[in-house]
Amino acid sequence: ESDMEELKLPQKVARLLREFTDRAQEIYREELISVILYGSAASGEFSAAHSNVNLVVVLKETGLASLSKIAPLLNKGKLRAFNIVFFTENYIKNSADVFPIEFLDIKENHKILYGKDVVSGLDIDIKNLRFQCEQELRSKIINIKKAYLASVDSPDLDKLLLKFFTSSLHILRNVLRLKSGNAVYRKEDILNAISAGFHIDTAGMRKILEARGAGKRLPKRSAAELFNSFVADLEKISDEVDGHKG
């Protein structure tokens, strides 16, 4: 049963997803187990300017010889914006607790475009979640600072800010899961929960979210100020995650 009809996506993106799914079936036939959409394209928060189209393709076999069959399709320009990973069912079962952030996100927020649902029944041990959250948050802060220093005089500083903001949200969602046991998905809800859970004034993050939603450019000075407040917020959250080991 396919969830394709329920998707709230721009026509162009929905058409590309249909084309990709049809071609994957033609290429792999009975070797194809599932095509699964996850992330903002599955949750109804897709933004053409800022969102990736994230897909998991589950195959019986994912050796390079098998993957090379689909390479000509993937290297066509129109699919380059798709973020596609190829797994076997076994790999998913064995990796779920090594990458708990990714697999919890996929498990709780996905649409089946073809084949069987191999993720809803996943048993994910979240003992590794704190470690992965802490590691990813610290890495993100280091990368943001490096990128900021390299681009501080760039007129595209705001684009960099939006990119880092968007990619940080999935880490923050899982930090909140650690704190309360619940995952929230809407970006607005994540900011509300951070404000309440970490006693942070999320006004800066809200301005970033607003600019992202409206597709508005930010003046360089505003982008620099928002970068500063965003990094300070992430560092405060990171310190608290680190302080709750046990």
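Presented here is a report on the structure given in the accompanying data block.

Cut-offs applied
Residues numbered from 1 in each chain as written. Predicted model: local features only at pLDDT ≥ 70, side-chain atom pairs only at ≥ 80, totals over all residues. Heavy atoms only, no water. Helix = DSSP H or I, 4+ residues; strand = E, 2+ residues; numbered from the N terminus. Rg over C-alpha atoms; globule rule 2.2 N^0.38 Å. Contact = heavy atoms within 4.5 Å. Areas by Shrake-Rupley, 256 points an atom, 1.4 Å probe, with all protein chains shown as cover. Lys, Arg positive; Asp, Glu negative; His and termini not counted. Charge placed at Lys NZ, Arg CZ, Asp CG, Glu CD. Buried < 20%, exposed > 50% of the residue type's maximum accessible area, 1.4 Å probe, protein only. Pairing = 2+ DSSP bridges. Axes fitted to C-alpha atoms, helices over the stretch in contact; angles between N-to-C directions. Phe/Tyr/Trp six-rings, centres within 6.5 Å; stacked < 30°, edge-to-face > 60°. Lys NZ or Arg CZ within 6 Å of the ring centre and 35° of its normal. Parallel < 35°, antiparallel > 145°, perpendicular 65-115°, else oblique. Nonpolar A, V, L, I, M, F, W, Y, C, P; charged D, E, K, R; others polar. Salt bridge = Lys/Arg side-chain N within 4 Å of Asp/Glu carboxyl O. Polar contact = N/O pair within 3.5 Å; in protein donor to acceptor, adjacent residues only side chain to side chain.

## Concerning the overall build of the protein chain
Assigned secondary structure in the protein chain consists of eleven helices and four strands. In summary, the protein chain has a C-alpha radius of gyration of 19 Å against a globular reference of 18 Å for 246 residues, a match within 12%. Restricting to contacts in the protein chain with at least 6 residues of sequence separation, those with at least 24 account for 71%. Here the protein chain displays about 12,700 Å² of accessible surface, and carbon together with sulfur accounts for 50% of that area. Counting 37 positive and 34 negative side-chain charges, the protein chain places the averaged centre of each group 4 Å from the other.

## Section: unusual backbone geometry
Even without glycine at this site, R29 takes up a positive phi of about 50°. On the basis of relative accessibility, which here comes to 58%, the residue R29 falls in the exposed class. In this structure, H199 is a non-glycine residue whose phi angle is positive, near 50°. Residue placement: H199 occurs in the loop between α9 (187-198) and α10 (203-214).

## Notes on the sheet that holds strand β3 (residues 82-87)
Overall, mixed pairing links the four strands, which are arranged β3-β2-β1-β4 in an open sheet. Two strands in the sheet have a free side with no partner beyond their single neighbour: β3 and β4 (110-115). Here the average twist between neighbouring strands, direction ignored, is 20°. Looking at chain direction, strand β1 (residues 32-38) and strand β2 (residues 53-59) are connected through six bridges and run antiparallel. Each bridged residue has a counterpart across the sheet, and for I36 the counterpart in β2 is V56. Each of β1, β2, β3 and β4 is contacted by helix α6 (residues 100-108), which is oriented at about 75° to β4, the strand it contacts most.

## Describing the packing of aromatic side chains
For the coordinates displayed, the defined rule picks out four aromatic pairs. Between F87 and F103 the ring centres are 5.8 Å apart and the planes differ by 40°, which places this aromatic pair in the tilted class. Here F87, found in strand β3, pairs with F103, found in helix α6; they are 16 residues apart in sequence, far enough to count as distant. By the burial criterion, F87 is buried, and F103 matches it. Grouping aromatic residues by their ring pairs yields a cluster made of F87, Y91 and F103. In this structure, K163 packs its charged tip against the face of F164, placed 5.6 Å from the ring centre.

## A closer look at the packing of α9 against α10
Remark: α9 packs on α10, axes separated minimally by 11 Å, with the N-to-C direction vectors making an angle of 175°. As far as their axial angle goes, α10 and α9 are roughly antiparallel. Here K187, E188, L191, N192 and S195 of α9 lie close against α10, whose contacting residues are M205, R206, L209 and R212. Residues of the contact of α9 with α10, tallied by class, amount to three nonpolar, two polar and four charged.

## Regarding the pattern of salt bridges
All told, the structure shown has 17 salt bridges when counted by the stated rule. Here E188 makes a salt bridge to R206, at a shortest N to O gap of 3.1 Å. Placement of the pair is E188 in helix α9 and R206 in helix α10, with a sequence separation of 18 residues. Its relative accessible area of 35% is what places E188 among the partly exposed residues. Residues joined by salt bridges that share partners form a network here, namely D105, E108, R173 and R177.

## A few points about the pairing of β1
Extensive coverage of β1 is indicated by the burial of seven of its seven residues. Pairing of β1 with β4 involves five bridges; the strand directions are antiparallel. Directly across from S34, in β4, lies its bridge partner G115.

## Regarding the side chain of S66
Structurally, the position occupied by S66 is in helix α3 (residues 64-67). Within the local environment of S66, its side chain forms a polar contact with the backbone oxygen of E61, the two atoms lying 3.0 Å apart. Setting aside residues no more than four positions away along its own chain, S66 makes contact with Y28, L59 and E61.

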